[in-house]
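# Architecture at a glance
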Amino acid sequence: MSAPAGCNSSNACRRSSTPLPFDDRCAAAYARVAAVTRASGRSHRSRVADLLIAATALAHQLPLYTRNPDLAHLARTLDVVAV
């Protein structure tokens, strides 16, 4: 996997980026993505980390870039971009 444009290494990218907080908006978004996951017949319990990331993207109105095709069911809830 190559570094994003402007990043010579993963350390350079970490130094130049700011982590997004997991706040009340993210918690509410997690409830939403977990409900959508359950409604699609999937277990939300086995993919908590993936759904926390998706919830953070949703709460911050960002696209979710993923290589995980199992998250395609969230496409109606947030912008899921397959990479």
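Cut-offs used in this document
Residues numbered from 1 in each chain as written. Predicted model: local features only at pLDDT ≥ 70, side-chain atom pairs only at ≥ 80, totals over all residues. Heavy atoms only, no water. Helix = DSSP H or I, 4+ residues; strand = E, 2+ residues; numbered from the N terminus. Contact = heavy atoms within 4.5 Å. Areas by Shrake-Rupley, 256 points an atom, 1.4 Å probe, with all protein chains shown as cover. Expected span 1.5 Å × (residues − 1). Core = buried A, V, L, I, M, F, W, Y, C linked by side-chain atoms within 4.5 Å. Buried < 20%, exposed > 50% of the residue type's maximum accessible area, 1.4 Å probe, protein only.

### Focus: the overall build of the protein chain
- A count of helices and strands for the protein chain gives 3 helices and 2 strands.
- Its helices and strands taken in sequence order, the protein chain reads α-α-α-β-β from the N to the C terminus.
- Sequence-distant contacts in the protein chain: of pairs separated by 6 or more residues, those separated by 24 or more amount to 41%.
- For the protein chain, the computed accessible surface area is about 5,700 Å², with 54% contributed by carbon and sulfur atoms.

### Comments concerning the side chain of T37
- Within the element layout of this structure, T37 appears in helix α2 (residues 24-39).
- If sequence neighbours within four positions are ignored, T37 has contacts with R42, S43, H44, R47, L51, H73 and L74.

### So, the environment of Y65
- Within the secondary structure, Y65 is located in strand β1 (residues 64-66).
- Distance from Y65 to A54, taken between C-alpha atoms, is 9.1 Å for residues 11 residues apart in sequence.

### A look at helix α3 (residues 48-59)
- Here α3 is 12 residues long and its end C-alpha atoms lie 16 Å apart, about the 16 Å a rise of 1.5 Å per residue gives.
- Among the structural elements, α2 and β1 are those in contact with the buried residues of α3.
- Where α3 ends, the next residue or the one after it, Q61, has phi of about 55°, a positive value.

### A short note on the environment of P63
- Considering the arrangement of structural elements, one finds P63 in the loop between α3 and β1.
- The spacing of P63 and L78 is 15 residues in sequence and 6.8 Å in space, taken between C-alpha atoms.
- Beyond its immediate chain neighbours, meaning those up to four positions away, P63 contacts A57, D79 and V81.

### Observations concerning the nonpolar core
- Ranked by internal contacts, the top residues of the largest apolar core, which has 15 residues, are Y30, V33, L51, L64, L74 and L78.
- Only α2 and α3 provide two or more residues apiece to this core.
- Excluding anything up to four places from it in sequence, L78 contacts V33, A54, A57, L58, L62 and L64.

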